[in-house]
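# Summary of structural features
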Amino acid sequence: MKSLAPLLLALTVSSFGHAANIGFDDITGPGVPAIVDGYADLDWTNMYTANSTTYPYESGFIWGNVSADRVAFSGPLGSAGFAAGTDFTFDSAYLTAAWRDELNVLVEGFDDGVLVHSSNLVLDLYTPTQFDFGWNSIDAVSFTTSGGVDVGLRSNGPQMVIDNLMLTPVPEPEAWALLLAGLGLVALRARRPLDISH
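For clarity, every value in this text was computed on a predicted model and none was experimentally measured. (Residues numbered from 1 in each chain as written. Predicted model: local features only at pLDDT ≥ 70, side-chain atom pairs only at ≥ 80, totals over all residues. Heavy atoms only, no water.)

### Structural notes on the layout of surface pockets
Here is the rule: Here a cavity means grid points, on a 1 Å grid over the protein atoms only, where a 1.4 Å probe fits yet cannot get out; a pocket means an open set of points with protein on both sides within 12 Å along at least five of seven lines; lining residues are those with an atom within 4 Å of a point. Grid points are joined across faces, edges and corners, and a volume is the space filled by probe spheres set on the points. Each helix is a run of DSSP H or I of at least 4 residues and each strand a run of E of at least 2, with the numbering of both proceeding from the N terminus.
There is about 180 Å³ of room inside the largest pocket. Ala20, Ile22, Ala40, Asp41, Leu42, Ala84, Gly85, Thr86, Asp87, Phe88, Leu167 and Pro169 are the residues that line the largest pocket. Taken together, the elements giving at least two residues each to the lining of the largest pocket come down to strand S1 (20-22), strand S5 (80-97) and strand S11 (160-169). Of all the elements, S5 adds the most residues to the lining of the largest pocket, at five residues.

What follows is the structure in structure tokens.
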């Protein structure tokens, strides 16, 4: 029992997720591939990636990059977003307009299909902005873009660019129970007097 309590504590603490930085840099392939369901344990809707170091046109695809090579972006039609099978905290993300300056984006967070968070943002075309959301216990996020100012770039679409998406898993009730059991064993062990007669 002496060495079991620290092991249980380590296992229970490790079952709580740490923030995941999703930078999209491990997605490979030519062109602008769609982000497939299952990437980063999420389901993706109308989301693609581009290699900002080889993208041939001046745009937010280049200017919105904050890590390595790749950025994600919303498709040209409809809302874009991601969802998970379990709750998470939407910590933050770097967002940039792809083609239009001062692009409007409605960001919404859902839990079991119910809208629980909403934020209207204005995105810069030339500089990525880190937005801190801190939305707890949600399972889906959607982005709906509109408006913006045409600055005469090659395209004038309503896409937005995302990089360094930060999510933290929310522990399930089973993880809490395991943590409490582990802490109880540690407390029990700490209260027992040591037998030093041997």
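### Remarks on the confidence of the model for the chain
We apply this condition: Per residue, pLDDT captures the predictor's confidence, and it can take any value from 0 to 100. Whether two residues touch is decided by their heavy atoms; if any such pair falls within 4.5 Å, the residues are in contact.
In the predicted model, the chain carries a mean pLDDT of 84, and 77% of its residues have values of at least 70. With pLDDT under 50 throughout, residues 4-16 is counted as low confidence; its partners more than four residues away or in other chains account for 15 contacts.

### Some remarks on the nonpolar core
Our working definition: The definition of a nonpolar core used throughout is a set of buried Ala, Val, Leu, Ile, Met, Phe, Trp, Tyr and Cys residues joined through side-chain atoms within 4.5 Å. Relative accessible area decides the class of each residue, using a 1.4 Å probe on protein chains only: under 20% of the type maximum gives buried, over 50% gives exposed, and in between gives partly exposed.
Ranked by internal contacts, the top residues of the largest apolar core, which has 42 residues, are Phe24, Phe90, Ile162 and Leu165. Secondary structure elements with two or more residues in this core: strand S3 (47-51), strand S4 (70-74), S5, strand S7 (103-111), strand S8 (114-123), strand S9 (129-146) and S11. In terms of residue count, S5 provides more of this core than any other element does, eight residues in total. Aside from chain neighbours lying at most four places away, what touches Phe90 is Val107, Phe133, Gly134, Trp135, Ile138, Val141, Phe143, Leu165, Met166 and Leu167.

### Quick look at the pairing of S7
The condition that has to hold: Note: two strands are recorded as paired if DSSP finds a minimum of 2 bridges between them.
Bridging between S7 and S8 involves nine bridges; their strand directions are antiparallel. Counted as the bridge partner of Gly109 is His117 from S8.

### Considering the pairing of S3
In terms of burial, S3 is a largely internal element, four of the five residues being buried. Looking at chain direction, S3 and S4 are connected through five bridges and run antiparallel. Of the residues in S4, the one forming a bridge with Asn51 is Arg70.

### Thoughts on the side chain of Ser67
The line we're drawing: Nitrogen and oxygen atoms within 3.5 Å of one another constitute a polar contact, given that in protein one can donate a hydrogen and the other can accept it, and given that sequence-neighbouring residues count only through two side-chain atoms.
Within the secondary structure, Ser67 sits in the loop between helix H2 (60-63) and S4. Of the polar contacts made by the side chain of Ser67, one reaches the side chain of Asp25; its length is 3.0 Å. When residues no more than four places from it in sequence are discounted, the contact partners of Ser67 are Gly23, Asp25, Asp163 and Asn164.

### A short note on unusual backbone geometry
At Ala40, a residue that is not glycine, the phi angle is positive and equals roughly 55 degrees. Within the secondary structure layout, Ala40 lies in the loop between S1 and strand S2 (43-45). For Ala68, which is not glycine, the phi torsion reads 35 degrees and is therefore positive. For Ala68, the location among the structural elements is in the loop between H2 and S4.

### Examining the environment of Ser137
Structurally, Ser137 can be placed in strand S9. Take Ser137: its relative accessible area is 34%, and that puts it in the partly exposed class. Counting along the chain gives 27 residues from Ser137 to Phe110, while the straight-line C-alpha distance between them is 8.8 Å. Excluding residues that lie within four positions of it along the chain, Ser137 makes contacts with Asp87, Phe88, Thr89, Asp111 and Val170.

### Quick word on the packing of aromatic side chains
Heads up, the rule is: Side-chain rings of Phe, Tyr and Trp (the six-membered ring for Trp) are treated as a pair once their centres are within 6.5 Å; stacked means planes under 30 degrees apart, edge-to-face means over 60, and tilted covers the remaining angles. In our convention, an over-ring charge means Lys NZ or Arg CZ found within 6 Å of a ring centre and within 35 degrees of that ring's normal.
A full pass over the atoms with the stated rule returns 17 aromatic pairs. With a centroid separation of 6.0 Å and an interplanar angle of 80 degrees, the aromatic rings of Tyr55 and Tyr57 are classed as edge-to-face. Note on Phe82 and Phe143: the rings are 6.3 Å apart at their centroids and 45 degrees apart in plane angle, and the pair reads as tilted. With Phe82 in strand S5 and Phe143 in strand S9, this residue pair connects regions lying 61 residues apart in the sequence. On the accessibility criterion, Phe82 (2% relative accessible area) is buried. According to the relative accessible area criterion, Phe143 is buried, its value standing at 2%. Each residue in the set Phe24, Tyr39, Trp44, Phe82, Phe88, Phe90, Phe133, Trp135 and Phe143 is aromatic and connected to the rest through ring pairs, giving one cluster. Above the ring of Tyr57, the side-chain terminus of Arg154 is found at 3.9 Å from the ring centroid.

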